[in-house]
Amino acid sequence: MNENQKKLNYKKGVKMNFAKFLNELNAQKGDPEVKFDPQKEIEEYRSYLNQLYSIFEGSLLPYVKNGQIQVERDNIQINEESLGTYEVPRLTLKLNTIHIQLKPEGTMLIASKGRVRMEGPKGFAKIILMRKNFSIQGKIPSDLNNGTAPEDQWVWRFVAPDNRNFIDVTEDSIQNVIMELVNGQD
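Residues numbered from 1 in each chain as written. Predicted model: local features only at pLDDT ≥ 70, side-chain atom pairs only at ≥ 80, totals over all residues. Heavy atoms only, no water.

### Let's talk about the overall build of the protein
Helix and strand counts for the protein stand at 3 helices and 7 strands. For the protein, the succession of helices and strands along the chain, N to C, is α-α-β-β-β-β-β-β-β-α. When the 186 residues of the protein are sorted by exposure, 32% land in the buried category. Of the contacts formed within the protein by residues at least 6 apart in sequence, a portion of 50% connects residues at least 24 apart. For the protein, the accessible surface area stands at approximately 13,000 Å², while carbon and sulfur atoms represent 48% of it. (Helix = DSSP H or I, 4+ residues; strand = E, 2+ residues; numbered from the N terminus. Buried < 20%, exposed > 50% of the residue type's maximum accessible area, 1.4 Å probe, protein only. Contact = heavy atoms within 4.5 Å. Areas by Shrake-Rupley, 256 points an atom, 1.4 Å probe, with all protein chains shown as cover.)

Here is the structure:
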């Protein structure tokens, strides 16, 4: 135990004045409380969704240009307890008669700033917006071995089926996931 940590002592029979404690705590000067702005959260989520869709569109551009894939955006409504009902963009990829949709699921999530469900005829994939330097049990994404990623940098990643590994959203990973969602395999 270091000097900043104290052992908690719950003394029987000692009545602490909780109201006095709270009054003293509130009287202390500190950083102003950060106000939650639902509209700001919604706009930020929309911006990140547009970023994700731009990655997809850029990666698939040669196939769009030659007519093998059509890309469409429209709006859908989602509902989150802390944000209410709001509209977000959805991306649809049309490969001949097969449709793959990227459906936003929300932004108010634990350990993530957004989630999208990518659905195809043979299943679905999860894409999450996570901190770039996030790791599970010491596993750090390969692009962060130098430890220079800012704490507030967010990136889109596919969630591997084991829910413990993450794959960056890149041209290769997008194409692999599309093939898996259409064929049921890589």
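### Concerning the sheet that holds strand β1 (residues 70-80)
Strands sit in the order β1-β2-β3-β4-β5-β6-β7 across an open sheet of 7 strands; the sheet is antiparallel. Each edge of the open sheet carries a strand with a single partner, namely β1 and β7 (166-168). Within this sheet the neighbouring strands show an average axis-to-axis angle of 30°, counted without direction. Of the pairings in the sheet, the one linking strand β6 (residues 154-159) to β7 comprises 3 bridges and is antiparallel in character. Within β7, the residue paired with V159 across the bridge is F166. Its contacts with the sheet put helix α2 (residues 38-65) on β1, β2 (84-95), β3 (98-106), β4 (114-120), β5 (123-131) and β6, and the angle it makes with β2 is roughly 5°. (Pairing = 2+ DSSP bridges. Axes fitted to C-alpha atoms, helices over the stretch in contact; angles between N-to-C directions.)

### Quick word on the pattern of salt bridges
Two side chains bearing opposite charge may form a pair once their charged atoms approach each other closely. Evaluated as defined, the whole model comprises 10 salt bridges. The residue K94 makes a salt bridge to E72 at a minimum N-O spacing of 2.9 Å. Within this pair, whereas K94 is found in strand β2, its partner E72 is found in strand β1, the two being separated by 22 residues in sequence. Residue R90 pairs with D74 through a salt bridge whose shortest N-O separation is 2.5 Å. Note that R90 is positioned in strand β2 and D74 in strand β1, a separation of 16 residues in sequence. One salt-bridge network, held together by shared partners, links E41, E44 and K113. (Salt bridge = Lys/Arg side-chain N within 4 Å of Asp/Glu carboxyl O.)

### Looking at helix α3 (residues 171-183)
Helical periodicity: at 3.6 residues per turn, an α-helix aligns residues three or four positions apart in one direction. Counted at 1.5 Å a residue, the expected span for α3 with its 13 residues is 18 Å, and the 18 Å between its end C-alpha atoms agrees. Buried residues of α3: S173, I174, V177, I178, L181 and V182, and no others. Considered in projection along α3, the buried side chains sweep an arc of 160° and stay on one side of the axis. Count one or two residues on from α3 and you reach G184, which has phi positive near 85°. (Expected span 1.5 Å × (residues − 1). Arc of directions from axis to C-beta.)

### So, the nonpolar core
Formed by 33 residues in total, the largest nonpolar core has its most connected members in F56, L102, M118, I127 and W156. For this core, the element with the most residues is α2, which contributes 8 residues. Once residues lying within four places of it in the same chain are set aside, the contact partners of L102 are L52, Y53, F56, R90, L91, L93, V116, R117, M118 and I127. (Core = buried A, V, L, I, M, F, W, Y, C linked by side-chain atoms within 4.5 Å.)

### So, the pairing of β5
Where β4 lies against β5, 7 bridges are found, and the strand directions are antiparallel. Across the sheet, R117 pairs through a bridge with K126, a residue of β5. Taking the residues between adjacent antiparallel strands as the criterion, β4 and β5 are bridged by 2 residues. The sheet contact formed by β5 and β6 spans 6 bridges and is antiparallel.

### Re the packing of aromatic side chains
Applying the stated criterion across every chain, the model contains 0 aromatic pairs. Between the NZ or CZ atom of R117 and the centre of the ring of F124, over which it lies, the distance is 3.6 Å. (Phe/Tyr/Trp six-rings, centres within 6.5 Å; stacked < 30°, edge-to-face > 60°. Lys NZ or Arg CZ within 6 Å of the ring centre and 35° of its normal.)

### Quick notes on the confidence of the model for the protein
Put simply, the protein has an average pLDDT of 83, and 76% of its residues get 70 or more. The low-confidence segment residues 142-150 (pLDDT under 50) makes 11 contacts with residues lying over four places distant or belonging to another chain. (pLDDT = per-residue confidence, 0-100.)

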